[in-house]
Amino acid sequence: LTMVVSLPPQSQTSSLFYGVNNPYLKNGPKGFKEYKILKNGDTYLRIDLPGVPMKAAVEVSLWADDKGVEALVDAPKQHKHDSSQRTYCPIIGFMCGRCKVLRFTSQVCDGVLRLVLTPTARILGGRFLGGADWEETYFCSSAAHWLPYASDPYDPSLTGPVLEPNPSVNEGSPMAYESKRLPNGSLYVRVDMPGVPKDRFTVSVADGRVTVTGEAPAVSHDSDGRFYSGDVALLDTLVTFRRRWIKTIVKDGVIRLIIPNL
């Protein structure tokens, strides 16, 4: 008899996570969101919403004062063993007195929402809602945008020993990992890897460890691609365990596995 033991995310890494948003993220931009001011003055945002279908009805709407946008979108239960569906509601807005959103475009792909906001003021300045000092009043200047605290995807503050919940989750699990033992003894595992296409996931079994990896290429104005990797389960004996025995469901930046208990 071979028992399958779930490995919590904390056991996948060294003393510090590479990214507090996802313990399986090995390199590339960290954080649930990435902000960038484009050369033409538009604002680009990458927001991780794992599990949201590509053809989902993403409701992105302007605030009443046109100073920001908010989105409302569901990530349905793709498998009966998911703890619940997830609902996301990311909110993005300008804090400066002059900047308003003139127009915007949005796209969802592989569990990532990408937005481009065009401000009414073409001067490159202003601040975003969500910064460390968001309650203060600011105005546009000729300087580049001040971005929210920890919006730099390589900020050291985005590495640490404690995982953070996805701040855009309004309902459902905000964490990037979940596992449960099924009545038949099998192990069910869900791992969020936003940005990874369906054909860039791999599952391998070696030395009694079940390992998942995923490669997320840079899309649109992303600063770089991302690479995920980590062990999700451990066999208590090193018997021959074939990869084909593991049922794998890959969809919308999420990989789900059912690992049998032999």
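Just so you know, these numbers come straight off a predicted model, no measurement behind them. (Residues numbered from 1 in each chain as written. Predicted model: local features only at pLDDT ≥ 70, side-chain atom pairs only at ≥ 80, totals over all residues. Heavy atoms only, no water.)

### Comments concerning the nonpolar core
And step 1. Grouped together as the largest cluster of nonpolar side chains are 24 residues, with contacts concentrated most on V191, M193, V210, V232, I255, L257 and I259.
And step 2. Of all the secondary structure elements, the ones that give two or more residues to this core are β13 (187-192), β14 (201-206), β15 (209-216), β16 (226-235) and β18 (254-259).
And step 3. Sequence-distant contacts of V210, defined by excluding residues within four places in its chain, comprise V203, S204, V205, G230, D231, V232, A233, I246, L257 and I259. (Core = buried A, V, L, I, M, F, W, Y, C linked by side-chain atoms within 4.5 Å. Buried < 20%, exposed > 50% of the residue type's maximum accessible area, 1.4 Å probe, protein only. Helix = DSSP H or I, 4+ residues; strand = E, 2+ residues; numbered from the N terminus. Contact = heavy atoms within 4.5 Å.)

### A closer look at the sheet that holds β13
And step 1. Spatial ordering of the open sheet is given by β12-β13-β18-β17, a layout of four strands whose pairing is antiparallel. A single partner strand is all that each edge strand has here, and the edge strands are β12 (177-181) and β17 (247-251). Pairwise comparison of adjacent strand axes, ignoring direction, gives a mean angle of 10 degrees for this sheet.
And step 2. Two elements, β12 and β13, share five bridges in a ladder whose sense is antiparallel. Note that in β13 the partner of S179 across the bridge is V189. (Pairing = 2+ DSSP bridges. Axes fitted to C-alpha atoms, helices over the stretch in contact; angles between N-to-C directions.)

### Notes on the confidence of the model for the chain
And step 1. When pLDDT is averaged along the chain, the result is 83, and 81% of the positions lie at 70 or above.
And step 2. Ranking the elements of the chain by mean pLDDT puts strand β1 (residues 4-6) last, at 77, and β18 first, at 96.
And step 3. Counting interchain partners and residues more than four positions distant, the pLDDT-below-50 stretch residues 123-139 has 59 contacts.
And step 4. With pLDDT under 50 throughout, residues 141-147 is counted as low confidence; its partners more than four residues away or in other chains account for 23 contacts. (pLDDT = per-residue confidence, 0-100.)

### Describing unusual backbone geometry
Only a minority of non-glycine residues have a phi that is not negative, and only a minority of peptide bonds are not trans.
And step 1. For D66, which is not a glycine, the phi torsion comes out positive at approximately 65 degrees.
And step 2. As for its placement among the helices and strands, D66 is situated in the loop between β5 (59-62) and β6 (68-75).
And step 3. Here D66 falls in the partly exposed class, since its relative accessible area comes to 32%.
And step 4. Non-glycine residue D252 carries a positive phi angle of around 55 degrees.
And step 5. Relative to the helices and strands, D252 is located in the loop between β17 and β18.

### Let's talk about empty space enclosed by the protein
And step 1. Scanning the model with the defined rule gives three cavities of 30 Å³ or more in all.
And step 2. Of all the secondary-structure elements, those providing two or more residues to the lining of the largest cavity are β7 (86-88) and β16.
And step 3. Residue composition of the lining of the largest cavity, grouped by class: nine nonpolar, three polar and four charged.
And step 4. Of the pockets and cavities examined, the second largest cavity occupies roughly 80 Å³.
And step 5. As for the second largest cavity, its lining consists of 14 residues, of which A75, D82, S84, R86 and R256 are closest to the centre.
And step 6. A per-class count over the lining of the second largest cavity returns three nonpolar, five polar and six charged. (1 Å grid on protein atoms, 1.4 Å probe; cavity = no way out; pocket = protein on both sides within 12 Å on 5 of 7 lines; lining within 4 Å. Points joined across faces, edges and corners; volume = space filled by probe spheres on them. Nonpolar A, V, L, I, M, F, W, Y, C, P; charged D, E, K, R; others polar.)

### A few points about the pairing of strand β9 (residues 101-109)
And step 1. Here β9 runs beside strand β10 (residues 112-119); their pairing, made up of eight bridges, is antiparallel. Bridge pairing in β10 links V101 to P119.
And step 2. Linking β9 back to β10 in an antiparallel pair, the connection comprises two residues, with D110 at a positive phi of about 55 degrees.

### Remarks on the side chain of T118
And step 1. Positionally, T118 belongs in strand β10.
And step 2. Here T118 falls in the buried class, since its relative accessible area comes to 6%.
And step 3. Contacts of T118, omitting those with residues within four sequence positions, involve D42, K100, V101, L102 and R103.

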